[in-house]
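Structural overview
One-letter residues, chain by chain:
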Amino acid sequence: KCGIGGSQLWALASIAESPGLRVTALARRMMIHQSTASNLIEQLVRLGLIERRRDTEDQRVVRLHVAEKGDELLRRAPQPMIGLLPDA
């Protein structure tokens, strides 16, 4: 309905819920391997839905933020976006 898969939508919603989230934190939140989270992030960056930003204090740290296009997608996305599978 919104043009991306369920796992991509879940990742996008998680990043929107916690701006500045790191890849490892996203992986833990989604209960997936870090490399899987990295692949999801790469897809979302390519689609222009999220942005990677370097931490101002430690340039090695990358933080994730939802882009304007991602915010628009989240507004029209079907609900619920997260919670059903982990809760099951």
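Up top you'll find the structure we're talking about.
The following paragraphs examine the structure supplied in this document. If you're wondering where the values come from, they're calculated on a predicted model, not measured in any experiment.

Looking only at helices and strands, the chain has five helices and two strands in total. In the chain, the succession of α and β elements from N to C terminus is α-α-α-β-β-α-α. Within the chain, the proportion of its 88 residues that are buried is 38%. Long-range contacts, defined here as pairs at least 24 residues apart, represent 47% of the contacts in the chain between residues at least 6 apart. Only carbon and sulfur atoms are counted for the fraction: they give 49% of the accessible area of the chain, which is about 5,600 Å².

Every buried residue of helix α4 (residues 68–76) is accounted for by Gly70, Leu73 and Leu74. Along the axis of α4, the buried residues cluster in a sector spanning 100°; they form a single face. Facing away from the buried side of α4 by over 90 degrees, the exposed positions are Glu68, Arg75 and Arg76. Its buried side turned inward, α4 meets α1 (6–17) and β2 (62–66).

Next up on the list: unusual backbone geometry. One non-glycine residue with positive phi stands out, namely Met31, at about 60°. With respect to the helices and strands, Met31 occurs in the loop between α2 (23–30) and α3 (34–46). On the basis of relative accessibility, which here comes to 61%, the residue Met31 falls in the exposed class.

Rules used throughout
Residues numbered from 1 in each chain as written. Predicted model: local features only at pLDDT ≥ 70, side-chain atom pairs only at ≥ 80, totals over all residues. Heavy atoms only, no water. Helix = DSSP H or I, 4+ residues; strand = E, 2+ residues; numbered from the N terminus. Buried < 20%, exposed > 50% of the residue type's maximum accessible area, 1.4 Å probe, protein only. Contact = heavy atoms within 4.5 Å. Areas by Shrake-Rupley, 256 points an atom, 1.4 Å probe, with all protein chains shown as cover. Arc of directions from axis to C-beta.

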